[in-house]
Protein chains: 2
Amino acid sequence: MPSGEDDLIARYFKPLATDPGARGLVDDAAVLAATGSDLVLTTDAIVEGVHYLPDDPPAAIARKALRVNLSDLAAKGAEPAGFLLTLALRQADEGFLAPFAAALGEDAVAFRCPLLGGDTVSTPGPMMISVTALGRVPPGRMVARDALRPGDAIVVTGTIGDAALGLDLLQGRATAATEAGRAFLIDRYRVPQPRSALTRAVRDFAGAAMDVSDGLAGDLAKMCAASGVTATLDATAVPLSDAARAIAGTDESKLARLLSGGDDYELLCGVAQSKLDQFLAAAQRSHVQVTVIGVAEEGTRSPRWLGASGAEIPLQTLSFSHF
Amino acid sequence: MPSGEDDLIARYFKPLATDPGARGLVDDAAVLAATGSDLVLTTDAIVEGVHYLPDDPPAAIARKALRVNLSDLAAKGAEPAGFLLTLALRQADEGFLAPFAAALGEDAVAFRCPLLGGDTVSTPGPMMISVTALGRVPPGRMVARDALRPGDAIVVTGTIGDAALGLDLLQGRATAATEAGRAFLIDRYRVPQPRSALTRAVRDFAGAAMDVSDGLAGDLAKMCAASGVTATLDATAVPLSDAARAIAGTDESKLARLLSGGDDYELLCGVAQSKLDQFLAAAQRSHVQVTVIGVAEEGTRSPRWLGASGAEIPLQTLSFSHF
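Residues numbered from 1 in each chain as written. Chains lettered and ligands numbered in written order. Predicted model: local features only at pLDDT ≥ 70, side-chain atom pairs only at ≥ 80, totals over all residues. Heavy atoms only, no water.

1. Structural notes on empty space enclosed by the protein
Applying the stated rule across the entire model yields two cavities of 30 Å³ or more. Its boundaries defined by the atoms lining it, the largest cavity holds a volume of some 100 Å³. In this structure, the largest cavity is lined by 16 residues; those nearest its centre are A:Ser37, B:Ala34, B:Ser37, B:Leu39 and B:Arg136. Class assignment of the residues belonging to the lining of the largest cavity gives a composition of eight nonpolar, six polar and two charged. Each pocket or cavity is described by its volume, and for the second largest cavity that value is around 40 Å³. (1 Å grid on protein atoms, 1.4 Å probe; cavity = no way out; pocket = protein on both sides within 12 Å on 5 of 7 lines; lining within 4 Å. Points joined across faces, edges and corners; volume = space filled by probe spheres on them. Nonpolar A, V, L, I, M, F, W, Y, C, P; charged D, E, K, R; others polar.)

This is the structure:
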């Protein structure tokens, strides 16, 4: 009686559906109980050969699919409530599904974001994993992208450009200084580290926030445009990992590549000067590295990135676009 | 400055994002305000060449992508609140996107289900459209699949098997009696008619409900199994359209094909006998055809389908499975 599809869901995904709203995945829908919170919704899909490489480990693919969405929730100041998973597969391959589901389950527990439901379909083409993540904020408290104000400090988490370099390494376009550096950068490409630990600080102290997924320079330009402001950035202040610095050195064209490379999944926040100390202290308590890289200003020109000499660094490409 | 992707979103999808929670599609996330309602979540994806044919009209593909999800909301007794759209495209083709977005916008208005957000990605493979739809019910009132009780009338909306015959016609596996019949059945395959008008009646009077998407026989078997009951059905009572009857005649093997064919997107409800008159009256007021086709019974055997002679009709296949 159970079809292959039902069997696959029962074996691999029912164990992840621990929230009562998931109804054990036997229903057509999940339910999130009313709690008086606003619900924050975000959806991001990853496609084999586009967002990840066909030979990336299944566990890494699972983590990336969920984490790119968790990164969006953190940027909005929202606590995870659960996620829906849509899997388009060429075949039901146990060698893929077992480690995929195990890693997804680990992340669901680690980030307190249970599987609520989903859909599993067959495709003759590349695998695609689409996740819709749901979060909660107190009423009216979602942190917006378009609320950057002149004078706000522009703050970024973690280090920038690692993932773009990791992809370059995997595709033979760059060479790492050390084996450990290579492994670090590739891991940064494959497994994003959503800054969920900073969620509460973002909600309490950031006026504007978004996650950096398509490239820091382009994403900042989007935040400025949406907010009707501009910004001046100190490119030399942009936090780089040791492994990235070993490749980029002090070459401004290589630095430009890091500023426009995608897949960082760090947070970009605008913080009023009056709240900056509180934000920095909260980040320190959360063990999330944050760095002030510039300031928002009145005006509508493109944000300026200044190099070591104080002159503007020209950026050819600001970010990744699918089309 | 705007990338091709941003431009595509601004041109085609921003006009559909009329709900304040969509934030004009400029943010990374949408927000649904707390209203004291439970939130019902469902997600269904359609893949080119699997759920629709590559030469189906773009408008029909758009309507199908949204409506298969609206059908799930209606089955749960949930009023639509909005949807998220994930589009995986080989290229940004205006000849496809313009009619696709126009039809999607029409349906969003007609079904009061605005676009809240989404993701647009490139794929080297078949197009895929994944929709997550959100609905609201009063707290604790989502209608479950697993609550069919012995004695409940089993009721189905509309007519069954049309879409499976429509696909057979498109793929040359069947011949229609008339040109009008052919057009009707193909339209039933391409453009589901979610029974949203019955949402309130389902919530008020049905004890259990689900939508029929993989085949009536298989979906009923799933409802029975989830509820721990069985059922006896009168196969001759199953509502057929004139066009379907003209093809199936009284041939029980052809009838069996209709009972197990997918893509009906009708509602299957279990209604306590004490509420049946109210349910039928509400359906009549909503202009939705409903038909009692059997009764739920104690036991765990597979549901029995009885033919004109009173003997059981053997069903080889109960429903569609992707794997």
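2. What about the interface of chain B and chain A?
Counting residues at the interface gives 67 residues for chain B and 67 residues for chain A. Summing both sides of the interface, chain B and chain A together bury roughly 5,300 Å²; the carbon and sulfur share of this comes to 62%. Considering only the side of chain B, the residues that lose the most area to chain A are B:Asp28, B:Leu41 and B:Phe323, jointly responsible for 15% of the buried surface there. Two residues, B:Lys76 and A:Asp28, come together in a salt bridge whose shortest N-O distance is 3.5 Å. (Contact = heavy atoms within 4.5 Å. Buried area = accessible area lost by both parts, 1.4 Å probe. Salt bridge = Lys/Arg side-chain N within 4 Å of Asp/Glu carboxyl O.)

3. Concerning the sheet that holds strand β8 (residues 229–234) of chain A
Residue and element names in this part refer to chain A. Spatial strand order, β7-β9-β6-β10-β8-β11: six strands in an open sheet with mixed pairing. A strand with exactly one partner marks an edge of an open sheet, and here the two such strands are β7 (208–212) and β11 (304–306). Adjacent strand axes in the sheet meet at a mean angle of 25°, parallel and antiparallel pairs treated alike. Here β8 runs beside strand β10 (residues 290–298); their pairing, made up of five bridges, is antiparallel. The residue of β10 that forms the bridge with leucine 233 is glycine 294. Its contacts with the sheet put helix α2 (residues 58–75) on β7 and β9 (266–271), and the angle it makes with β7 is roughly 165°. (Pairing = 2+ DSSP bridges. Helix = DSSP H or I, 4+ residues; strand = E, 2+ residues; numbered from the N terminus. Axes fitted to C-alpha atoms, helices over the stretch in contact; angles between N-to-C directions.)

4. Digging into the relation of the copies chain B and chain A
Superposing chain B onto chain A requires a rotation of 180° together with a translation of 0.0 Å along the rotation axis, leaving an RMSD of 0.0 Å. Taken together, the rotation angle and the small translation identify this as a two-fold axis. Among all residues of chain B, the minimum C-alpha distance to the rotation axis is found for B:Gly125, at 2.3 Å. In this assembly the copies share their binding face: 100% of the residues contributing to the interface of chain B also contribute to that of chain A. (Least-squares fit on C-alpha atoms with pLDDT ≥ 70 in both.)

5. What to know about the pattern of salt bridges
On inspection of all chains with the given rule, the structure shows 46 salt bridges over all chains. Where A:Asp168 meets A:Arg257, a salt bridge forms, and the shortest distance between an N and an O atom there is 2.9 Å. With A:Asp168 in helix α4 (residues 162–170) and A:Arg257 in helix α9 (residues 252–260), this residue pair connects regions lying 89 residues apart in the sequence. As a salt-bridge pair, B:Arg301 and B:Glu297 come within 2.9 Å of each other at their nearest N and O atoms. One salt-bridge network, held together by shared partners, links A:Arg23, A:Asp27, A:Asp28, B:Lys76, B:Arg145 and B:Asp146.

6. Some thoughts on the packing of helix α1 (residues 4–13) of chain A against helix α3 (residues 94–110) of chain A
For any two helices packed against each other, the geometry comes down to the angle between their axes and how far apart the axes lie. Residues and elements named next belong to chain A. With their axes 9 Å apart at the nearest point, α1 and α3 run at an angle of 45° to one another. As the angle between them shows, α1 and α3 are arranged oblique. Contact with α1, carried on its side by Leu8, Arg11, Tyr12 and Phe13, involves Glu94, Leu97, Ala98, Phe100, Ala101 and Leu104 of α3 and no other residues of that element. Class assignment for the residues of the contact of α1 with α3 results in eight nonpolar, no polar and two charged. (Parallel < 35°, antiparallel > 145°, perpendicular 65-115°, else oblique.)

7. Some points on the UniProt feature "binding site: Mg(2+) 1" (unreviewed entry) in chain A
According to UniProt, the feature "binding site: Mg(2+) 1" (unreviewed entry) maps to A:Thr43, A:Asp44 and A:Asp119 in the numbering used here. Among the structural elements, A:Thr43 can be located in strand β2 (residues 38–47). For A:Thr43, a relative accessible area of 5% gives the class buried. Leaving out residues up to four positions away in the same chain, A:Thr43 has contacts with A:Asn69, A:Ser130, A:Val131, A:Thr132, B:Leu84, B:Thr86, B:Gly118 and B:Asp119. Among the polar contacts made by the side chain of A:Thr43, one reaches the side chain of A:Thr132 at a distance of 3.2 Å. Among the structural elements, A:Asp44 can be located in strand β2. (UniProt positions renumbered as here; feature names shortened; annotations may be inferred. Buried < 20%, exposed > 50% of the residue type's maximum accessible area, 1.4 Å probe, protein only. Polar contact = N/O pair within 3.5 Å; in protein donor to acceptor, adjacent residues only side chain to side chain.)

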